[in-house]
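Structural features, examined
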Amino acid sequence: MNRSKSRREVLLGAAALAGAAGLPRMASAQAKGRIVVGTWGGDYARLLNKNVEAPLLIKDGWEVVQDQAGDPERRSKMLAEKRLPRGTTDVQGLSAINMFQMHDAGTVLPIDYGKLKNAGNLLPAMKYPYGVGHIYSGKVGVYNPKIITTPPVSYKDVFDPKQGNKVGIIDIQYQYTLVCAALAAGGKVDDLEPGKKLLLECKKAGMRIYPTNEAFAQGLKSEEFGLGVMWKARVVQWQNAGISVTSMTPTEGALAYVSGFVIPKNSPNKEGAYAYLDAMLDKSAQEAFAVDMGYNPTVTNATVAPDLNKRIGFTPDEIKKLVDLDYNYLNKNDVALKEWWDKELKG
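In this report, we go over the structure that sits alongside the text. Predicted model, so just to flag it, every value in this text is computed and none were measured.

Parameters and conventions
- Residues numbered from 1 in each chain as written.
- Predicted model: local features only at pLDDT ≥ 70, side-chain atom pairs only at ≥ 80, totals over all residues.
- Heavy atoms only, no water.
- Helix = DSSP H or I, 4+ residues; strand = E, 2+ residues; numbered from the N terminus.
- Rg over C-alpha atoms; globule rule 2.2 N^0.38 Å.
- Buried < 20%, exposed > 50% of the residue type's maximum accessible area, 1.4 Å probe, protein only.
- Phe/Tyr/Trp six-rings, centres within 6.5 Å; stacked < 30°, edge-to-face > 60°.
- Contact = heavy atoms within 4.5 Å.
- Axes fitted to C-alpha atoms, helices over the stretch in contact; angles between N-to-C directions.
- Parallel < 35°, antiparallel > 145°, perpendicular 65-115°, else oblique.
- Nonpolar A, V, L, I, M, F, W, Y, C, P; charged D, E, K, R; others polar.
- Left-handed = near helix turned anticlockwise from the far one by under 90°.
- Core = buried A, V, L, I, M, F, W, Y, C linked by side-chain atoms within 4.5 Å.
- Polar contact = N/O pair within 3.5 Å; in protein donor to acceptor, adjacent residues only side chain to side chain.

Topic: the overall build of the protein chain
Along the backbone of the protein chain there are 14 helices and 12 strands. Taken over the C-alpha trace, the protein chain has a radius of gyration of 20 Å; the compact-globule value for 347 residues is 20 Å, and the two agree within 12%. Overall, the protein chain is about 60 × 45 × 40 Å in size when its C-alpha atoms are taken along their principal axes. When the 347 residues of the protein chain are sorted by exposure, 57% land in the buried category.

Here you go:
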């Protein structure tokens, strides 16, 4: 996802549909009629409006305001507002690990699935007690066939020091990269020490570190390197943009990535929050996200064309082998892992 570096709050309600250009500096939720949505910027924010908000909520009279910022900034805001009886957002879009983190910090409501008419179609794995899975993909190996002539089949092939400076990784994806490397080195989702050692070996061999997903894509496009890991959905977007890149599902099992939504405990409009969650699970919205963004639906009644499913989806065996992160382990060790990443790997 393209994450905004600066906090931007964009009104995307009825006025936006009428072509209003005003961008209010502070989005403040109201008791009724308005839903304030914390989300990343870029394509995700645009597609939430296009596929969820405009056709399913604004049409029915809701006013929807997007509070756009990176997830660290939005999580900090949730923590800062924790003691307030009334917060400034009604729903927050976060990755599965960050949904757990906010749950562990006591900032979000348990989800009452009885309030969601589309809950019956939701995949069981996407029914978190504290959040609802919106879309998912998997962490796959990616490579440029012109540079990597022997196709990799595993994380171990990707994180092979023999690849030298042909390997690239992404700074902001340190958690997932550490787990991928750990699996490549024989570790587990709650035992990342083998992955640390392997990444240091790769760094010594010339591995490149890119700050963002976009910088990584530019490096692939300019053929600065030819091998790495990325969400399969993002690979499809890059292929659509003409970048020479191929993906493979690693034999160790692809790490699952889930993006979902939580409801802050002090959401001013909880009825609106549930309306938003239900709309994002609507069959039409889920199918549109698969087409527009390359992520897999989290509801069973969504239909994905066979040719598209081949590009964005996973086989039944691959789905069975999807690897979930140990959210509790990563949450407890995140500070130490980030410190190691910044000081030992990047330093």
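Topic: helix 6 (residues 174-184)
Most of helix 6 is tucked away: 11 of the 11 residues are buried. Residues of helix 6 that are buried include every one of Tyr-174, Gln-175, Tyr-176, Thr-177, Leu-178, Val-179, Cys-180, Ala-181, Ala-182, Leu-183 and Ala-184, and no others. Of the residues one or two after helix 6, Gly-186 is the one with positive phi, at around 90 degrees.

A short note on the packing of aromatic side chains
Enumeration over the complete set of coordinates arrives at 15 aromatic pairs. Seen in terms of ring centroids, Tyr-44 and Phe-289 are 5.9 Å apart; in terms of plane orientation they differ by 65 degrees. Their pairing is edge-to-face. Of this pair, Tyr-44 sits in helix 2 (residues 42-57) while Phe-289 sits in helix 11 (residues 283-293); the two residues are 245 residues apart in sequence, bridging distant segments of the chain. Each member of the pair, Tyr-44 as well as Phe-289, is classed as buried. Here the aromatic cluster, defined as three or more aromatic residues joined through ring pairs, consists of Phe-100, Tyr-128, Tyr-130 and Tyr-327.

Structural notes on the side chain of Asn-144
Tracing the chain through its elements places Asn-144 in the loop between strand 6 (131-143) and helix 5 (155-158). Contacts of Asn-144, omitting those with residues within four sequence positions, involve Leu-220, Glu-223, Gly-226 and Ser-244.

Some remarks on the environment of Ala-302
Here Ala-302 is to be found in the loop between strand 12 (296-297) and helix 12 (306-312). Each C-alpha atom, one on Ala-302 and one on Glu-287, is 5.7 Å from the other, the two residues being 15 residues apart in sequence.

What about the environment of Val-52?
Assignment of secondary structure puts Val-52 in helix 2. As for Val-52 and Val-91, which are separated by 39 residues in sequence, their C-alpha atoms are 14 Å apart. Ignoring anything within four residues of it in the chain, the contact list for Val-52 reads Leu-47, Leu-57, Tyr-276, Ala-279, Met-280, Ala-285 and Phe-289.

Here we look at the packing of helix 6 against helix 14 (residues 327-345)
It is the contact of helix 6 with helix 14, at a shortest axis distance of 10 Å, that shows an interaxial angle of 85 degrees. Taken together, helix 6 and helix 14 sit at an angle that is classed as roughly perpendicular. Taking contact as the criterion, the partners of Tyr-174, Gln-175, Thr-177 and Leu-178 in helix 6 are, on helix 14, Asp-334, Leu-337, Lys-338, Trp-340 and Trp-341. Here the contact of helix 6 with helix 14 is built from residues that sort into 5 nonpolar, 2 polar and 2 charged.

Details of the packing of helix 3 (residues 71-80) against helix 4 (residues 96-104)
Geometry of a packed helix pair, given as the angle between the helix axes and the separation of the axes. Following both chains from N to C, one finds helix 3 and helix 4 inclined at 15 degrees, their axes separated by 11 Å at the closest point. As summarised for this structure, helix 3 and helix 4 are arranged roughly parallel, according to the angle between their axes. When the axes of helix 3 and helix 4 are compared, the crossing they make is right-handed. Counting all contacts with helix 3, which are made through Asp-71, Arg-75, Met-78 and Leu-79, the residues of helix 4 involved are Asn-98, Gln-101 and Met-102. Counted by class, the contact of helix 3 with helix 4 contains 3 nonpolar, 2 polar and 2 charged residues.

As for the nonpolar core
Residues Phe-159, Tyr-276 and Leu-277 are the most contacted members of the largest nonpolar core, which totals 103 residues. The greatest single-element share of this core, amounting to 9 residues, is contributed by helix 6. Setting aside chain neighbours within four positions, we find Tyr-276 in contact with Ile-35, Val-37, Leu-48, Val-52, Glu-53, Leu-57, Val-64, Val-91 and Phe-261.

Structural notes on the side chain of His-134
Tracing the chain through its elements places His-134 in strand 6. A polar side-chain atom of His-134 sits 2.8 Å from a polar atom in the side chain of Tyr-44. Apart from residues no more than four positions distant in its own chain, His-134 is found in contact with Tyr-44, Leu-48, Ser-259, Gly-260, Phe-261, Met-280, Gln-286, Phe-289 and Thr-298.

Structural measurements only, silent on function.
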